[in-house]
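Coordinates in review
Okay, here's what each chain looks like letter by letter:
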Amino acid sequence: MPTGADGSMRSIPLGHEPAGGDRVVVNPQGAPSGIIGCGGELGGMSEYLLIEDAEIGKSVAVFPYAVPFDVAALNEPMAVARHCVNRSEAKPGDKVVVFGAGPIGLGATIWLKLRAVKHVVVADVIPERLETALAIDADAVINSAEEDVTARLTELHGEAANALGQPRAGTDIYIDAAGVAAVFNATVDAAKWGAKLVMVAVQKKGADIDLGGMLRSELTLIASQGYPTEIFEVTPEIVEHHERFAKLISHRVPFREADRAFELAMTPGAAEKVVVTFDDEV
C-alpha cells in the first residue's frame, strides 16, 4: 500500500476500467486529480464517480444500449491492446504469435484478426485460456508448457533464417502480453532475420537478455505503454463486435461479493477477465 508524505499508509480508490451512468465509458487518464482507480483521488468502485472537466471524446465516450455495461468496461484494456497492435504495424500478410492469453493478449488477437492479419497464434500455459483464444478466432494455439514453441511456430509459419543463415521460424511479429522472461528467451530462440518483438506486458522481474541472439536476428524490440490515442478509437469497434469481446469475460461478480472478484483476479489461472457489476444491487 502506498504511503503519504508523512510516511503513513494511505488507501487508493479502486476501479480503473469503469462504464456506467448515462451509458458512457471513461478515460481513466483524463482526470486532472490523477489516474482514476490507479493512484488518483477517484475510483470507479465508489457509489458515484465524478468525471472532472467532462468532455465527450476526451474524458468520456457514449455507447449504445445494445452493448451491456460489462462489455463496455473492456474499453480501457482493449485500448491498451490496440496500442500494442498499432505499435506492431502488423499488416495482412504477417504471421504473428501472441504470448499470454489474458485480456490484453486476447484483445490484441481480436484486433489483429479484425485487421485481417494472415495468421495469429496464441501461446499460453492454461488450456482454458487457449480455448478462449480459439473462440475469438485465433488461427492456432500453443501450450508452451507442453510444446516446443520454436518447433511449433516453424510448423505453423514455415521455416526462415536469421542473419547468419541459421534456421528459424517464419514468424514476423512476436507480442509479449505475458511479462515473463521465458517469452523473451523463446522469441530470441525462434526469431528470423528482421522479426519484431512488441512488449506490452509489465515485466515482473528482470531477466538476462541474450543480446547476441538479438544481434543474429536483427530483432527489433518495441515497447508499448498505455493508449496515447486509442482510448476512444476502439469504442466504435467494440460496439460493432461486442459479442466477440464478451467472450473475454470469464466471471461477472456482483459488488456485494467484490472480495471474491479480487481473489479470483489475484489467483493465477483462476480467471481470465473479472468484471464487478452494480446493476443487480438495490
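Further up the page is the structure itself.
Before going into details, it helps to say that this report is about the structure given with it. A quick note: this is a predicted structure, and the numbers were derived from the prediction, not measured.

Here is what the cut-offs are and how they apply
- Residues numbered from 1 in each chain as written.
- Predicted model: local features only at pLDDT ≥ 70, side-chain atom pairs only at ≥ 80, totals over all residues.
- Heavy atoms only, no water.
- Helix = DSSP H or I, 4+ residues; strand = E, 2+ residues; numbered from the N terminus.
- Rg over C-alpha atoms; globule rule 2.2 N^0.38 Å.
- Buried < 20%, exposed > 50% of the residue type's maximum accessible area, 1.4 Å probe, protein only.
- Contact = heavy atoms within 4.5 Å.
- Areas by Shrake-Rupley, 256 points an atom, 1.4 Å probe, with all protein chains shown as cover.
- Lys, Arg positive; Asp, Glu negative; His and termini not counted.
- Charge placed at Lys NZ, Arg CZ, Asp CG, Glu CD.
- Core = buried A, V, L, I, M, F, W, Y, C linked by side-chain atoms within 4.5 Å.
- Expected span 1.5 Å × (residues − 1).
- Patch = residues over 30% accessible without salt bridge, like charges linked within 9 Å, V, L, I, M, F, W, Y side chains within 5 Å.
- Salt bridge = Lys/Arg side-chain N within 4 Å of Asp/Glu carboxyl O.
- Pairing = 2+ DSSP bridges.
- Axes fitted to C-alpha atoms, helices over the stretch in contact; angles between N-to-C directions.
- Phe/Tyr/Trp six-rings, centres within 6.5 Å; stacked < 30°, edge-to-face > 60°.
- Lys NZ or Arg CZ within 6 Å of the ring centre and 35° of its normal.
- 1 Å grid on protein atoms, 1.4 Å probe; cavity = no way out; pocket = protein on both sides within 12 Å on 5 of 7 lines; lining within 4 Å.
- Points joined across faces, edges and corners; volume = space filled by probe spheres on them.
- Nonpolar A, V, L, I, M, F, W, Y, C, P; charged D, E, K, R; others polar.

Moving on, we get to the overall build of the protein. Counting its regular elements, the protein contains 10 helices and 13 strands. A compact globule built from 282 residues should have a C-alpha radius of gyration of about 19 Å, and the protein, at 20 Å, falls within 12% of that. With the C-alpha coordinates of the protein rotated into their principal frame, the extents come out at 65 × 50 × 35 Å. Residue burial in the protein is summarised as follows: out of 282 residues, 48% are buried. Across the protein, contacts joining residues at least 24 apart in sequence account for 60% of those joining residues at least 6 apart. Total accessible area computed for the protein in this model is approximately 13,900 Å², and 54% of it derives from carbon and sulfur atoms. Side chains of the protein give 24 positive and 40 negative charges; the mean places of these two sets differ by 6 Å.

A word on the nonpolar core. Of all hydrophobic cores here, the largest spans 45 residues; its most connected members are Val 98, Trp 111, Leu 112, Val 122, Ile 175 and Phe 245. Contributions of two or more residues to this core are made by helix H1 (69-72), helix H2 (75-88), strand E4 (95-99), helix H3 (103-114), strand E5 (119-124), helix H4 (127-135) and strand E9 (173-176). It is H2 that provides the largest number of residues to this core, a total of six residues. With sequence-adjacent residues up to four places away left out, Val 98 is seen in contact with Gly 105, Thr 109, Leu 112, Val 120, Val 121, Val 122, Ala 123, Ile 175 and Ala 177. Judged by nonpolar contacts, the second largest core, of 21 residues, contains Ala 169, Phe 184, Ala 186 and Ala 190.

Under the 1.5 Å per step criterion, the end-to-end length of H2 is 20 Å for 14 residues, consistent within 8% with the ideal 20 Å. Buried residues dominate H2, accounting for 12 of its 14 residues. Buried within H2 are the following residues: Asn 75, Glu 76, Pro 77, Met 78, Ala 79, Val 80, Ala 81, Arg 82, His 83, Cys 84, Val 85 and Ser 88. Looking one or two residues beyond H2, the residue adopting positive phi is Glu 89, at roughly 55 degrees.

What follows is about a nonpolar patch on the surface. A contiguous nonpolar surface patch, about 320 Å² in accessible area, is contributed by Leu 14, Phe 262 and Met 266. With respect to the helices, strands and loops of the structure, Phe 262 is situated in helix H10 (residues 258-266).

Time to look at the sheet that holds strand E2 (residues 24-26). With antiparallel pairing, three strands are arranged side by side in an open sheet as E1-E2-E3. Because the sheet does not close on itself, it has two edges, and the strands there are strand E1 (19-20) and strand E3 (60-62). When E1 meets E2, the two strands line up antiparallel, connected through two bridges. Of the residues in E2, the one forming a bridge with Ala 19 is Val 25.

This paragraph deals with the sheet that holds strand E11 (residues 220-223). Pairing in this open sheet of six strands is parallel, and the strands run E6-E5-E4-E9-E10-E11 from one edge to the other. A strand with exactly one partner marks an edge of an open sheet, and here the two such strands are strand E6 (140-143) and E11. Between one strand axis and the next, the sheet turns through 20 degrees on average, direction left out of account.

Time to look at the packing of aromatic side chains. The description of an aromatic ring pair rests on the distance of the ring centres and on the angle between the ring planes. Inspection of every chain in the model, using the stated rule, returns three aromatic pairs. The interplanar angle of 85 degrees and the centroid separation of 5.7 Å between the aromatic rings of Phe 63 and Phe 69 together place this pair among those described as edge-to-face. Here the basic side chain of Arg 23 rests over the ring of Phe 69, its NZ or CZ set 4.4 Å away from the ring centre. A cation over an aromatic ring shows up here: Arg 82 above the ring of Trp 111, its NZ or CZ 4.5 Å from the ring centre.

All right, on to empty space enclosed by the protein then. Taken as a whole, this structure holds two cavities of 30 Å³ or more when the rule is applied. Put simply, the largest cavity is a space of about 40 Å³. Of the residues in the lining of the largest cavity, the class split is five nonpolar, three polar and one charged. Considering only enclosed or pocket space, the second largest cavity measures out at about 40 Å³ in volume. Taken together, Val 25, Phe 63, Val 67, Ala 72, Asn 75, Thr 235, Ile 238 and Val 239 form the lining of the second largest cavity. Among the elements that take part in the lining of the second largest cavity, helix H8 (residues 235-240) stands out by supplying three residues, more than any other. Per-class residue counts for the lining of the second largest cavity are six nonpolar, two polar and no charged.

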